Amino acid sequence: MQQYAKVYSYLRFSDPKQADGGSVDRQLSYARRWAADNNVPLDESLSMRDEGLSAYHQRHVSQGAFGVFLKAVEDGMIPTGSVLIVEGLDRLSRAEPMVAQAQLIGIVMAGITVITAMDRQEYNRDLLKREPHRLFVALAMMIRAYEESDTKSKRVSDSIRRRCEAWIAGTNRRIIRSGADPSWLKWDAATETWQEIPDNAAAIRKLIDLYLKGYGTNGIVDQMGENHFMYNGRPMPGGRMYEMMRLPALGGTKRLKIGDDEYELKDYYPALLSEAQFAELQTALARRVRSRVGVSSASVLTGYKRTFCGYCGMAIVSQTIATRRRKSDGKLTDGSRRIQCSSRLTRLPCDVVGGLSAVPIERAVMSYCADQMNLNALYKGADRSTPIRDALSLARHEVAEIELQLGRIVQALAEGTGAAPAIIVKKAAELEARLSDARAKVTAAEYELAAMSPSLSSDAAAEWQALYTGVLDYEYEPRLKARELMMTTFERIVIYFQGVDRSTSEFIDLLLVARGGGSRFLRIDRRTGEWVAGEALPPQDVLATLPEGMLLPVGDE
């Protein structure tokens, strides 16, 4: 099908308020007059606008109508002989001159004429071939536009830096208009304070509450929908939940990056969470195992890399037999929830034959932790934060080492002449990636350390006790909360299906290893989960009691 030439009009404003001036009417009027004088149809539906999008940062290309137009030019969808009318070349781009010139040439080479309404200049392939000096004139305009925007950007950036530094020093508490602000707050110019948007703030609080109770994305969406929580007048967007829960603004901090400088402005916003609550949330986000957990089958013992077979070291896995007859209230019977060594799935050798009900073990562990004296004994004489502090020290050392190596490379490049060798550039990129990973480790360890109480809470056992009945009755929220407690309390739970010495079919032996704490060895009744014996044995003593060749598990799920 033959395509006929058309007239396109493009308007761009970095600030939407500029649209209130006469530029729009002036440009549209010129487009109509040019179309009439040259007998080319003007379709005003082809008028393109990018309001509030910067040409210096190329957002009009990445996010706006001009980017769509360039793609259409590239794909050959704009008829040859068509005309693009703009107020000036600086409307098309304020990027680096080479980038701006490449965009102009790309349009012109596609057989399109660019006309600037401000100075009535035309740029097309035939004209530039006859008068190539016009390219130099256009380049000069692009250089001027870039330098104007670059100078303005640097001034604005310097101003924001000074305001950030003044905020940190405590000498400025005025609003800093840079970066995105949280959408559960609005600025009240009359009182010069941030005010909560009630519906949005309530939705965020509910989101965090549900997440800490163990709900996943779908469960949170369902719960918030059922309880009519709305965000910006719409249901909470499931795709942004994790992003929103990581925002420092929840704890009142505004984070800005100005060039290579990063600023954290504490207490800039009214906090939705205390420092300890925010640290707890970040720790939960870091350790949460994203697995599909059914409402009736949430596993308390497995699925989070803590529970292992005492004979082969493989992970213990759960199985729900949904076909078994249920109780009159529809809940699972005790025999429906079973555990087994994962060696059966991987066909690796293990002495465990078959599985067993998870209920006796769940009952034993929940009962043990519901007694404050037991918890105190488990952590007696141990600093639970030691492993995390060690991990933090190692991560910080790694960051320092990588930064030192990067510094040497940068210095070598600065002292050298000519282009940098490809191998050096590649090494620098590798170090940058490693540095990013190392910094992430530091952040995760800092959050976990901040969330960890320096001593065992006096009401820790009460928290376990409150969940006891719900866990054994297969109630969703108590089981998910118990999973969280298991993850924060135990480094490892080792199960010996037939006792340590494999000599009994009546009892199960358990080794409970606390995170940063001590160990407890329990023998429980295979059917009821009641304790038969218990000893406070450290892992090395347990190892000494094992038959020759039998090691404590060191595997990973």
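If you're wondering where the values come from, they're calculated on a predicted model, not measured in any experiment.

## Comments concerning the overall build of the protein chain
Then, number 1: Of regular secondary structure, the protein chain possesses 19 helices and 19 strands.
Then, number 2: Within the protein chain, the fraction of its 557 residues that count as buried is 42%.
Then, number 3: The long-range share in the protein chain, meaning contacts at least 24 apart out of those at least 6 apart in sequence, stands at 63%.
Then, number 4: Summed over all atoms, the accessible surface of the protein chain reaches about 30200 Å², with 51% contributed by carbon and sulfur.

## Regarding the pattern of salt bridges
Then, number 1: With the rule as written, the count across this model stands at 16 salt bridges.
Then, number 2: Put simply, lysine 71 and aspartate 75 hold a salt bridge, and the shortest N to O gap is 2.6 Å.
Then, number 3: When its relative accessible area of 43% is taken as the criterion, lysine 71 is described as partly exposed.
Then, number 4: Measuring nitrogen to oxygen at the nearest pair gives 2.7 Å for the salt bridge that ties glutamate 264 to arginine 255.
Then, number 5: In this structure arginine 255 comes out as partly exposed when scored by relative accessible area, which is 46%.

## What about empty space enclosed by the protein?
Then, number 1: For the coordinates displayed, the defined rule picks out one cavity of 30 Å³ or more.
Then, number 2: Roughly 50 Å³ of internal volume is contained in the largest cavity.
Then, number 3: Forming the walls of the largest cavity are Leu89, Leu92, Ser93, Ala100, Gln103, Leu104 and Met142.
Then, number 4: Elements that contribute at least two residues to the lining of the largest cavity include exactly helix H4 (89-92) and helix H5 (97-109).
Then, number 5: Broken down by element, the lining of the largest cavity gets its largest block of residues, three residues, from H5.
Then, number 6: Its residues placed into classes, the lining of the largest cavity shows five nonpolar, two polar and no charged.

## Some thoughts on the environment of arginine 162
Then, number 1: Residue position: arginine 162 is located in helix H7 (residues 133-169).
Then, number 2: In sequence terms arginine 162 and asparagine 172 are 10 residues apart; their C-alpha atoms lie 9.7 Å from each other.

## A few points about H7
Then, number 1: In a regular helix each residue adds 1.5 Å, so 37 residues correspond to 54 Å; H7 covers 54 Å between its end C-alpha atoms and thus fits that length.
Then, number 2: Regarding H7, the residues found buried are Arg134, Ala138, Met142, Ala145, Ser149, Asp150, Ser153, Ile160, Arg161, Cys164, Ala166 and Trp167.
Then, number 3: For H7, the secondary structure elements touched by its buried residues are H4, H5, strand E5 (121-123), helix H6 (125-130), strand E10 (254-258) and strand E11 (261-265).

## Overview of the confidence of the model for the protein chain
Then, number 1: Across the protein chain, the average pLDDT comes to 78, with 79% of residues at 70 or higher.
Then, number 2: In this model residues 289-296 is a low-confidence stretch, pLDDT under 50, and it forms 15 contacts with partners more than four residues away in sequence or in other chains.
Then, number 3: Contacts of residues 546-557 to residues separated by more than four positions or lying in other chains number 33 contacts, the stretch itself having pLDDT below 50.

## Side note on the pairing of strand E14 (residues 337-341)
Then, number 1: Counting buried residues along E14, four of its five residues qualify, which places the element largely inside the surrounding structure.
Then, number 2: Bridge analysis of strand E13 (residues 316-320) against E14 gives five bridges, and the strand direction is antiparallel. Residue glutamine 319 lies in a different strand from E14, and its bridge partner there is arginine 338.

## Topic: the sheet that holds E13
Then, number 1: The strand order across the open sheet built from three strands is E13-E14-E15, with neighbouring strands paired in antiparallel fashion. At either end of the open sheet lies a strand with only one pairing partner, and these are E13 and strand E15 (356-357).
Then, number 2: Where E14 lies against E15, two bridges are found, and the strand directions are antiparallel. Looking at E15, one finds that isoleucine 339 is bridged to leucine 356.

## Examining the packing of helix H8 (residues 198-212) against helix H9 (residues 217-226)
Then, number 1: At a minimum axis separation of 10 Å, H8 and H9 run at an interaxial angle of 135 degrees. One element, H8, and the other, H9, form an angle in the oblique class. Relative to H9, H8 is oriented so that their crossing is right-handed. Where H8 approaches H9, its residues Ala203, Lys206, Leu207, Leu210 and Tyr211 are matched on the opposing element by Ile220, Gln223 and Met224.
Then, number 2: Split by residue class, the contact of H8 with H9 holds six nonpolar, one polar and one charged.

Conventions and cut-offs
Residues numbered from 1 in each chain as written. Predicted model: local features only at pLDDT ≥ 70, side-chain atom pairs only at ≥ 80, totals over all residues. Heavy atoms only, no water. Helix = DSSP H or I, 4+ residues; strand = E, 2+ residues; numbered from the N terminus. Buried < 20%, exposed > 50% of the residue type's maximum accessible area, 1.4 Å probe, protein only. Contact = heavy atoms within 4.5 Å. Areas by Shrake-Rupley, 256 points an atom, 1.4 Å probe, with all protein chains shown as cover. Salt bridge = Lys/Arg side-chain N within 4 Å of Asp/Glu carboxyl O. 1 Å grid on protein atoms, 1.4 Å probe; cavity = no way out; pocket = protein on both sides within 12 Å on 5 of 7 lines; lining within 4 Å. Points joined across faces, edges and corners; volume = space filled by probe spheres on them. Nonpolar A, V, L, I, M, F, W, Y, C, P; charged D, E, K, R; others polar. Expected span 1.5 Å × (residues − 1). pLDDT = per-residue confidence, 0-100. Pairing = 2+ DSSP bridges. Axes fitted to C-alpha atoms, helices over the stretch in contact; angles between N-to-C directions. Parallel < 35°, antiparallel > 145°, perpendicular 65-115°, else oblique. Left-handed = near helix turned anticlockwise from the far one by under 90°.

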